[in-house]
Each structure stands twice: as structure tokens, then as C-alpha cells.
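# An overview of the molecular structure
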Amino acid sequence: MQPEGPYRYTHMLGGSPVGKAWAAVDGQGRFVTVAVLDATVAATQGWREAFAGTANSLAQAPGGSPFTYADFSAAAPWVAYAAEAGPAAEKLFRALGVDYQPVPPAGTPVPGPPQPVSGAPQSVSGPPAPISGPPQPVSGAPQPVSGPPQPVSGGPQPVSGAPAPGLNAPNPAKTQPPWSGAASPAPIQPHPPGPVSGAPMSPGPGTAGDEFGLDPFAAPVRRIQPSARPKRRTGLWAAVAALALVAAVGTGAAVWALTGEGDPEPPQAAPTGVEGSGNFPDPAEVNPGIKPWAQVPPYSPEERALAIAAPSLVFVEAVFTGFVREAKSNVPLSATPVTFKRRCSGFVANADGHVVTNGQCVQPSAEVARERALYTLGRILIEQDKLSATELDGYVRGKMGTTIFTGDQPEADPAMQVFAQLNIARGDLTASPAVPAQLEHVLAPDGGNLALVKLAQSGLPTAELDPAAAPGAGTALLLIGYQTGDSDFRAATYTVEAKQVQVSTTGRQGTVEVARVNDDLGIYSHGGIAIDTRGRVVGVIDNDRAVNGGANRALVPVSAVAGLLNETGVENEITDADRAYRSGLDAFFAGRSADAIAQFDAVAEASPANLVAQAYRQNAIDRSRLERDSSGSSNLLPILLAGLGGALVVGLVGAAVLVMRRRSSY
């Protein structure tokens, strides 16, 4: 029984005690090999994690076997490799430590006794035995033999007398092996003997009519005159060739007419929003800041998952302004206020503008806020030549225990503002396209370290939570968050990035059970999300306090997110625009470009902030044009084949006529 999945399985390549390897074709006609873990084995503790972990280890190893598709959460987990990767599925099963037996290819010869080989007959030892008595005459005339001589099975039999010339000559057609590639010459057929009147006579010396005792056949006179060569039927051949040409042209023209190539293609109305029309901007202006097909293998489940979740990612920037004061005297260390900023990622949990992000990012502890304010003040002093760069760390350590960070008044809190951006973001931006936000609720660092902010904008693409998610060790996930490659972080450009990771361990961080992954996206990714192959949120990225440096490798569980939303009365639900977007992606990955364009058009009105939808819409338009151009050029092949077929039929008919006329002339 073939496994379920997004492929058309052609045949099984091999099997093992835990699964099988299959040859398959994906929705785009590309050949792949798929390793499928049996559902019963996957239900056994440890095998699913081992299968996923081994596949990821082989993919990440130098010179390993990267896979193009995978679904480790399916009932029967599977991993797909490009056909060019060779026996990657076999390597995966062998890496699991199980025996693997490949299926022998069709047509493999079965060992058996050697077969007799046709060839030149072997010489018979000893002279031929003499025949006693004169040869007896044969009664009646020999009859002509119809058809070519049939091969005789078995070895050659000894014959009396000398063999007739030409009868035992080796057949050239049998001397060429079938794999030699050289054209085998046609076997030479012996001319059938004509009827002979009377018994054969053997004239000897001194017979009547030969007074000199010579063989009359040795006379120089030519006794058998060759028949005249038949006249060439040039006119008939010319007629056949002309008829074949007419048939070829006529058939091709008929096919061309039937396929509509002779008529000009009617102008097609541009779909809504194409190239500047409708609600979509010009394609050249569409830049969502992320191209899912470039972040993960194209047309893979990971690409679809990334395309679903990426539009909901939000860049969050919190701005804090206050005074650093001496704790005892409340005297400010600077006459001007100090401003520092914290940047992180977040995601839209509700289309009304509710965004979940990292708690410490938008509400740091008093100690963290004071440290950041002192570093900012120290850099100002360096610019004023009042402090050297080498003294900065010592300056901050010396002031941490004797200062406080307050607002305009010693008893007031520092001022705080939150701004959010979607798609491509830029630091230090407080005007449009940055959207102001209000902080609504924060979970303590030991209770989930999450925060909920409300943006002053609605109609946003929403991420869907998986409330039952509990990723364990070995689970393959996709991290999504904001990151920058600019050296100047203050006015840097930030874009959404993704990375495939694997859960290494689980453990507690405060009162929350977190999963720890084997890699991170960077310092601005906390507040971002981890998703499964369906594009659903299974965790929120946080600092891993068990690791030196606090890399963003901890995943806060979805249960903590659900608790935050319940406390504030916010529902995580996708809208009709989100459903239309997902339907458009389904159509796009299934190859239905027209349906995808129609669905993405519907997204334009309800969710114009979803620039990823616009990018995929343009991809669908480009692919549709390529398919139309390709189908137009492909009509040439059937036209040529039809013309050649017509010419072949006419040629065969003409050849048959010539053969019949030639036979009738003998």
C-alpha cells in the first residue's frame, strides 16, 4: 500500500524493518525519493524523534544529504530528497541502524545454467566417411523452397561428400552482439533453385559429344544470359514523393487550424490589480522584505508554512526617556534626558491590532533599564571627550549601585513609547509607516516573559496558534523573527528572516516549561515565533537563561500565550482575509495560478498590509505567463508529428504499390 502525501508514488525502491523508500513525482513533475517511517513504528516512543533527528543531522553535516520536503508530524513521517541526491533515503535508514534491502530493478537476470551460443560450427575431426556405391538419381524434379531457410537447432551434423558452397557460411547478422551499436547487416538469403528437367548428369572424359574429352562448361561462350534490368520507375517515385509532401503540408495545416494557431489570440483583460491597477501597486514596488522561496527549499512544506506565518511578524521598538540620578541626592548626572531604545520581534495575534512580543523588550526591569541608560550616557560622554572608550564598562559598573533611572521627577517613571512596523522596518522611526502602540499587559520574566501591545491599526494578517503544541526533543521547527545585517544598529534596516532548527532539550525557565533549540536567528529575534509545517505557532522565542550570553534559543510554550490572551480577553482567530490568503497559497502550490490570483485579489481589499500575498500574486502571474508561452510553442511538435505521420502513410502506400508492380513483372 502506497503512503499518503503530496506526491504521486511510482514504485518502491527498498524497505527496512521501520519504513520504506519510494520513488515519486511532486506536483511540479520533479522526481524525488521519499523515506517513509511506518505509522506503527512512529507511534513507538523515540522512533519519530530519531527519524527527524537523523534526517536533520544528515542535512546539516558537511557533504550531507539535505532534504527538500519533510513532514515529521504526520502519522507516517516522511522526508523527501531530490532525485539528483542519489540514494539519500537509503542513507537515512542505514543511519538509523536498521537493515535496508533495495528492491532489485526490473529485468535483472536470474542466475542459471549457461545457454548455447550461436556461432560458426566446429570442425569435425577425421575425414568424411566414404559412401559406397554411386549416387542414386532423385526421382522427379526438385521443388522450389518457399521462404528463407529456417535455422536448425543443435550442432551441425556431419554430411557425406563435400559441402555445397555457400550453405554453411557464417551469417553476418549473427556475428554482431545486440549491444554493439553497429547496424546489423541483413542476412544473405540463398537464391531458390529453379526447377531442373530430368536427372542430374555428370559428364566425364570421353563422353559422346566431347571428342576432345573437355568439359563443355569450360567453353568461353557465355551460356546463361543475364536478364535485362527493369526500367526505373522515376515518374512513379516522383509522384509518391509529391503526394507525401502534399499529405505532410495538408495534415500540418489541418492540425494548425484545429489548434487555433492560425487565428490571432484575443486580447486578455488584465486581472484586477495587475501592474498598477486595482488595489495592488506596481510589481516593482512590492517588497515584503522576505521571500519565503529564497529562505527555505522552494515549493516545500517549509516554504508554504513560512508564507503563511511571515506576514504576521511585527518589528517592535520601545523608546525610554528619563534621567540618570544619584540615588542619595537625586541629582541628575546630565542636564539633558537620556534616551535609549530596545528592539525585538512580535506577531499579530488578533486582526484588531493585538501583538504578542517579548516582555523584557517593552518593560525591562529597573536594573536593566538603569544599565542601558548608563551605557547611553557613557557614549555621550565619549563623544564629548569626557570619557574614553576603554573606560566605558568600568564607568557603568561603578555607577550601577549608586544611581537610579527616573522620569522628569525623581518619583516618576521614565517615559515609554512603543512603535511597530510590518514587512521592512527601519530603526529610530516614529512616523509612518511606524505605527504607535499601547502596552496592555506583561507577564513576569519567570512566568513566560511575554507582553501584549495594541497597535493603532487593524486589518492585519494574523498568525494561528496551535494550542496542543508541545514540541519535544528532535522536533524540526522553523524560527521566524527580525534581524539586520547593518553595522549601525541605530538606523539599520530590519527584515524578517527564517531558520530551520531542531529541539535539543526541554526544561524549566521560572515556572514555565520551555523547549531549547540548537540555533538562533540573532539578538532581535526574541518575541518572534517558532512554527510547524502547517504555519501554526508552537512557541515564542525568548532568551535562554541557562546559556552564557542568553542566546535566543528558548521557546515559551503556546499555553503561556493563551494565558496572556485570556487575561486580556483577546481571541486568537483568523479572518476571512487570512482564509482567502491561505486558499490562495493552496492554489499556488497546487499549480492553479488563476485560482491563486483570484484569491490574492480578495486579500488586497481586506488586508493591504500583507505584502507577502502581493509577492505571491506576482509569482502566480509570472508563472501563468510562462505556462501560456510554453503551451503555445509546444503546439509545434504535434503539428510536425502529424505532418510526418501523413507523409509516412503515403510513403508506405507508395512503396507497397512499387513492390506489387515489381513482383508482377517477374
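Bear in mind that the values here come from a model prediction, so they are computed numbers and not experimental data.

### Points about the packing of aromatic side chains
Throughout the structure, instances matching the rule amount to 19 aromatic pairs. Between Y7 and Y69, the aromatic rings sit 5.7 Å apart at their centres with planes inclined by 75 degrees, giving edge-to-face as the arrangement. Placement of Y7 in the segment before β1 (8-15) and of Y69 in strand β4 (residues 69-71) is noted, with a sequence separation of 62 residues between them. In this structure, Y7 and Y69 share a single accessibility class: buried. Considering the side-chain rings of Y494 and Y524, the 5.2 Å spacing of their centres and the 85 degrees angle between planes classify their relative orientation as edge-to-face. Within this pair, whereas Y494 is found in strand β16 (residues 493-509), its partner Y524 is found in the loop between β17 (512-517) and β18 (529-531), the two being separated by 30 residues in sequence. A residue is classified by how much of its surface remains accessible, and Y494, at 0% relative accessible area, is buried. Judged by its relative accessible area of 12%, Y524 falls in the buried class. Chaining the aromatic ring pairs together yields one cluster made of Y7, Y9, W22, Y69 and W78. Note that R623 overlies the ring of F588, its terminal NZ or CZ placed 4.3 Å from the centroid.

### What to know about the nonpolar core
Among the nonpolar cores identified, the biggest contains 68 residues, and F347, V356, L450, Y581 and Y616 are the most heavily contacted of them. For this core, the element with the highest residue contribution is helix α11 (residues 576-589), accounting for six residues. Residues in contact with Y616, not counting those within four places in the same chain, are P292, W293, E303, A307, Y581, L585, F588, F589 and F600. Formed by 34 residues, the second largest nonpolar core is a distinct cluster that contains V362, L381, V396 and L455.

### Describing the sheet that holds strand β3 (residues 31-37)
Taken in spatial order, the six strands of this open sheet run β4-β5-β3-β2-β1-β6, and their pairing is antiparallel. Looking along the sheet, the strands with just one partner apiece sit at the ends: β4 and β6 (101-102). Two strands pair when backbone bridges link them, and β1 and strand β2 (residues 19-25) are joined in this way by six bridges, in the antiparallel orientation. Counted as the bridge partner of G15 is K20 from β2.

### Remarks on unusual backbone geometry
For the bond from S432 to P433, the omega torsion is 15 degrees, close enough to zero to count as cis. By secondary structure assignment, the location of P433 is in the loop between β12 (425-426) and β13 (435-442). Of note in this structure, Y299 is not a glycine but carries a positive phi near 60 degrees. Position of Y299 among the secondary structure elements: in the loop between α5 (292-295) and α6 (301-309). Taking the relative accessible area as the measure of exposure, Y299 reaches 26% and is therefore partly exposed. Phi is positive for N330, which is not a glycine, with a value near 60 degrees.

### Observations regarding the packing of α11 against helix α12 (residues 593-606)
Two numbers describe a pair of packed helices, the interaxial angle and the distance between the axes. It is at 8 Å that the axes of α11 and α12 come closest, and there the two elements cross at 160 degrees. As far as their axial angle goes, α12 and α11 are roughly antiparallel. In this structure, the crossing between α11 and α12 has a hand that is left-handed. Along its contact with α11, which presents A577, A580, Y581, S583, G584, L585, A587 and F588, the element α12 presents D595, A596, Q599, F600, A602, V603 and A606.

### Quick word on the side chain of Q509
Its place among the elements puts Q509 in strand β16. In terms of polar contacts, Q509 uses its side chain to reach the backbone amide nitrogen of R545, at 3.2 Å. For Q509, the contacting residues outside a window of four places in its chain are D446, V514, R516, D542, N543, D544, R545 and A554.

### A look at the side chain of R342
Among the structural elements, R342 can be located in strand β8 (residues 338-350). Buried and unpaired, R342 has E371 as its nearest opposite-charge partner, separated by 7.3 Å. Side-chain polar atoms of R342 contact the backbone oxygen of Q360, separated by 3.1 Å. Leave out the neighbours within four places in its chain, and R342 touches V316, E317, A318, F320, Q360, C361, P364, V368 and R372.

### With respect to the pairing of strand β15 (residues 476-483)
Counting buried positions along β15 gives seven out of eight residues, so the element sits mostly inside the fold. When β15 meets β16, the two strands line up antiparallel, connected through eight bridges. Its bridge partner lying in β16, G481 is registered against E497. Strand direction decides the pairing type here: β15 and β18, joined by three bridges, are antiparallel. Considered in β18, the bridge of I480 is made with I529.

### Let's talk about the pairing of β17
Across the six residues that make up β17, a large majority, five, are buried. The pairing of β16 with β17 spans six bridges and is classified as antiparallel. Counted as the bridge partner of R508 is E513 from β17. Hairpin connection of β16 to β17: two residues between the antiparallel strands, including G510 at a positive phi of 75 degrees. Where β17 and strand β20 (residues 554-556) come together, two bridges link them in antiparallel fashion. Bridging across to β20, A515 finds its partner in L555.

Definitions and limits used
- Residues numbered from 1 in each chain as written.
- Predicted model: local features only at pLDDT ≥ 70, side-chain atom pairs only at ≥ 80, totals over all residues.
- Heavy atoms only, no water.
- Phe/Tyr/Trp six-rings, centres within 6.5 Å; stacked < 30°, edge-to-face > 60°.
- Helix = DSSP H or I, 4+ residues; strand = E, 2+ residues; numbered from the N terminus.
- Buried < 20%, exposed > 50% of the residue type's maximum accessible area, 1.4 Å probe, protein only.
- Lys NZ or Arg CZ within 6 Å of the ring centre and 35° of its normal.
- Core = buried A, V, L, I, M, F, W, Y, C linked by side-chain atoms within 4.5 Å.
- Contact = heavy atoms within 4.5 Å.
- Pairing = 2+ DSSP bridges.
- Axes fitted to C-alpha atoms, helices over the stretch in contact; angles between N-to-C directions.
- Parallel < 35°, antiparallel > 145°, perpendicular 65-115°, else oblique.
- Left-handed = near helix turned anticlockwise from the far one by under 90°.
- Polar contact = N/O pair within 3.5 Å; in protein donor to acceptor, adjacent residues only side chain to side chain.
- Lys, Arg positive; Asp, Glu negative; His and termini not counted.
- Salt bridge = Lys/Arg side-chain N within 4 Å of Asp/Glu carboxyl O.

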